[in-house]
Amino acid sequence: MSASLPAVIDVWRMVAARRQFDGTLPLSAFKRLRDSLVDADGEVRFALEFGRDASNQAFVEVRADAELPLLCQRTLERYLHRIRLVQQLGLITSEAQEDALPEQMEPLLVPESGEMPAIDLVEDELILAVPVVPMNPDSTLPDAFRAEEAEEKQNPFGMLSQLKDNKQ
């Protein structure tokens, strides 16, 4: 069942009901992610699926698809960085439960009340998917940098070998 995303969800009720949410949200809705973006033009397609796995571990699966406007650190120009992610988060109430999670699950510490802002589930994964140093894979170095690379670097010890040759 697909439904619009509520502002706050009770995680445990969503797991018990095996709820699913999907839709699109504007990039402007992600306040913490905005600091990493050039602008907020665009949207994120998302899906959240709550449930339990075969070992009865509560989880939420987060899927997101977006083109994030980032600043290429090579050219200092805006480019769209494609992100497609699927992450299964094991819902835990204490850090001691983390070791019991299946290997493919990342831990998500749920507050004692069980209530969380729903958008945070998507936003956290998007923030983690942003590259530390964004670089447009289609970009090339400006011509000035290529000219420097093309110049043959002079060996700093070249003079020593000339002095050695002169002594002989």
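Look above for the structure.
Residues numbered from 1 in each chain as written. Predicted model: local features only at pLDDT ≥ 70, side-chain atom pairs only at ≥ 80, totals over all residues. Heavy atoms only, no water.

### Examining the overall build of the chain
Phase 1: Broken down by element type, the chain carries four helices and seven strands.
Phase 2: Secondary structure elements of the chain occur, N-terminal to C-terminal, as β-α-β-β-β-β-β-β-α-α-α.
Phase 3: Scored against the burial criterion, the 168 residues of the chain give a buried share of 34%.
Phase 4: When contacts within the chain are restricted to residue pairs at least 6 apart in sequence, long-range pairs at least 24 apart make up 56% of them. (Helix = DSSP H or I, 4+ residues; strand = E, 2+ residues; numbered from the N terminus. Buried < 20%, exposed > 50% of the residue type's maximum accessible area, 1.4 Å probe, protein only. Contact = heavy atoms within 4.5 Å.)

### Digging into the pattern of salt bridges
Note that side chains of opposite charge can pair when their charged atoms are close.
Phase 1: Using the criterion set out here, one finds nine salt bridges in the structure.
Phase 2: When the shortest N-O distance is used, the salt bridge between Arg32 and Asp120 registers 3.7 Å. Here Asp120 lies in helix 2 (residues 118–129) and Arg32 lies in the loop between strand 2 (20–26) and strand 3 (43–52), a separation of 88 residues in the sequence.
Phase 3: For Arg32, a relative accessible area of 41% translates into the label partly exposed.
Phase 4: Owing to a relative accessible area of 23%, Asp120 belongs among the partly exposed residues under this scheme.
Phase 5: Salt bridges linked by common partners bring Arg32, Asp120, Glu123 and Asp124 together as one network. (Salt bridge = Lys/Arg side-chain N within 4 Å of Asp/Glu carboxyl O.)

### Things to note about a negative patch on the surface
Phase 1: Together, Glu95, Glu98, Asp99 and Glu106 make up a negatively charged patch on the protein surface.
Phase 2: Relative to the helices and strands, Glu95 resides in the loop between strand 5 (78–92) and strand 6 (106–109).
Phase 3: Owing to a relative accessible area of 61%, Glu95 belongs among the exposed residues under this scheme. (Patch = residues over 30% accessible without salt bridge, like charges linked within 9 Å, V, L, I, M, F, W, Y side chains within 5 Å. Areas by Shrake-Rupley, 256 points an atom, 1.4 Å probe, with all protein chains shown as cover. Lys, Arg positive; Asp, Glu negative; His and termini not counted. Charge placed at Lys NZ, Arg CZ, Asp CG, Glu CD.)

Taken by themselves, the reported measurements are silent on function.
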